[in-house]
Amino acid sequence: MKPIMITLMYLTFGGDIKLDSFEVQDSCHTWWKNNVVKTEKRKKTFMSNHYYYMYNKKRVIGYMCDGDGGV
């Protein structure tokens with residue numbers, strides 16, 4: 001399989017979105033499932049997501065791959 005570029009999106013303390021891009025050897029979905037940890041929130045609130053995602057001790061809000069949509 002040829003390398004695919006994946007871009008992870010993070011929220012910064014100021015509310016901006018930071019992007020980190022790198023190559024992966026798997027499909028984007030496979031890489032996401034194998035490397036990003038899904039954790040359930042302890043305190044759940046109305047109208048909010050009950051899970052968050054972590055990669056390298058950073059909270060990830062989504063990803064993009066070679067122009068196709070991600071999470």
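Structure: see above.
This section reports on the structure supplied with the text. (Residues numbered from 1 in each chain as written. Predicted model: local features only at pLDDT ≥ 70, side-chain atom pairs only at ≥ 80, totals over all residues. Heavy atoms only, no water.)

1. Concerning the environment of Thr 39
With respect to the helices, strands and loops of the structure, Thr 39 is situated in strand E3 (residues 37–40). Considering only alpha carbons, one finds Thr 39 and Met 54, 15 residues apart in sequence, at a separation of 7.8 Å. The contact partners of Thr 39, leaving out residues within four places of it in the chain, are His 50, Tyr 51 and Tyr 52. (Helix = DSSP H or I, 4+ residues; strand = E, 2+ residues; numbered from the N terminus. Contact = heavy atoms within 4.5 Å.)

2. Structural notes on the packing of aromatic side chains
The geometry of two aromatic rings is summed up by the distance between their centres and the angle between their planes. The tally for this structure, following the rule as stated, stands at five aromatic pairs. Consider the rings of Trp 32 and Tyr 53, whose centres lie 5.5 Å apart with planes at 50 degrees: the pair is tilted. On the criterion of sequence distance, the pair formed by Trp 32 in helix H1 (residues 28–35) and Tyr 53 in strand E4 (residues 51–55) is long-range, its members being 21 residues apart. The pair Trp 32 / Tyr 53 is uniform in exposure class, with both members buried. In this arrangement the basic side chain of Lys 38 is found over the ring face of Tyr 51, its NZ or CZ atom lying 4.2 Å from the centre. When the ring centre of Tyr 52 is taken as origin, the NZ or CZ atom of Arg 59, which lies over that ring, is 4.1 Å away. (Phe/Tyr/Trp six-rings, centres within 6.5 Å; stacked < 30°, edge-to-face > 60°. Buried < 20%, exposed > 50% of the residue type's maximum accessible area, 1.4 Å probe, protein only. Lys NZ or Arg CZ within 6 Å of the ring centre and 35° of its normal.)

3. Looking at the sheet that holds E4
Strands sit in the order E2-E1-E5-E4-E3 across an open sheet of five strands; the sheet is antiparallel. Of all the strands in the sheet, just strand E2 (17–24) and E3 have a single pairing partner and so form its edges. Going across the sheet, the axis of each strand differs from the next one's by a mean of 45 degrees, ignoring polarity. Looking at chain direction, E3 and E4 are connected through four bridges and run antiparallel. Residue Lys 38 lies in a different strand from E4, and its bridge partner there is Tyr 53. (Pairing = 2+ DSSP bridges. Axes fitted to C-alpha atoms, helices over the stretch in contact; angles between N-to-C directions.)

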